[in-house]
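Residue strings, one per chain:
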Amino acid sequence: MTIGLGVPVLKNFKGFTELMFSVDKPVLPLVYPNWIDNVGVAPAWNEIIDLAAMRGIEHLIMVNDDVKFR
């Protein structure tokens, strides 16, 4: 089973790093580089969903760059 973790990142690189360190299961990070285009969160989510579909990701968890898992 492939689990993708979709994250649009605008400026919070520290938060994204903390997010990735908080994950204790194997996931494929799908990062949308929103710091380049700043297209907004919803279009970034759509791009991540399209990327996950192209890569055959079975399950996708979409989170922002300020989330941490326990």
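These lines cover the structure that appears in this document, whether it is placed above or below. (Residues numbered from 1 in each chain as written. Predicted model: local features only at pLDDT ≥ 70, side-chain atom pairs only at ≥ 80, totals over all residues. Heavy atoms only, no water.)

**Things to note about the pairing of strand 2 (residues 28-33)**
With six bridges joining them, strand 1 (residues 3-9) and strand 2 adopt parallel strand pairing. What sits directly across from G4, in strand 2, is L28. Crossover handedness for the path strand 1 to helix 1 (residues 13-22) to strand 2: right-handed. (Pairing = 2+ DSSP bridges. Helix = DSSP H or I, 4+ residues; strand = E, 2+ residues; numbered from the N terminus. Right-handed = clockwise from strand over helix to strand, strands pointing away.)

**Description of a nonpolar patch on the surface**
Taken together, the side chains of F13, V31, W35 and I36 define a hydrophobic patch exposed on the protein surface, amounting to about 400 Å² of accessible area. By the element assignment, W35 lies in helix 2 (residues 34-37). (Patch = residues over 30% accessible without salt bridge, like charges linked within 9 Å, V, L, I, M, F, W, Y side chains within 5 Å. Areas by Shrake-Rupley, 256 points an atom, 1.4 Å probe, with all protein chains shown as cover. Salt bridge = Lys/Arg side-chain N within 4 Å of Asp/Glu carboxyl O.)

**A word on the environment of P29**
Tracing the sequence through the fold places P29 in strand 2. Exposure remark for P29: the relative accessible area of 34% places this residue in the partly exposed category. Spatially, the C-alpha atoms of P29 and E58 are 13 Å apart, while their sequence positions differ by 29 residues. Residues contacting P29, with those up to four places away along its chain left out, are L5 and M20. (Buried < 20%, exposed > 50% of the residue type's maximum accessible area, 1.4 Å probe, protein only. Contact = heavy atoms within 4.5 Å.)

**Regarding the sheet that holds strand 1**
Strands belonging to one sheet form pairs held by backbone hydrogen bonds; the direction of such a pair is parallel or antiparallel. Read across the sheet, three strands follow the order 2-1-3 without closing on themselves; strand pairing throughout is parallel. With one partner strand each, in any of the chains shown, strand 2 and strand 3 (59-62) form the two edges of the open sheet. Ignoring which end each strand starts from, the neighbouring axes of this sheet average 25° apart. Inspection of the sheet shows strand 1 paired to strand 3 by four bridges, in the parallel sense. Bridge pairing in strand 3 places G4 opposite L60. Packing against the sheet, helix 1 makes contact with strand 1 and strand 2, and its axis sits at approximately 165° to strand 1. In the packing of helix 3 (residues 41-55) onto the sheet, the strands contacted are strand 1, strand 2 and strand 3, and the crossing angle to strand 2 comes to about 140°. (Axes fitted to C-alpha atoms, helices over the stretch in contact; angles between N-to-C directions.)

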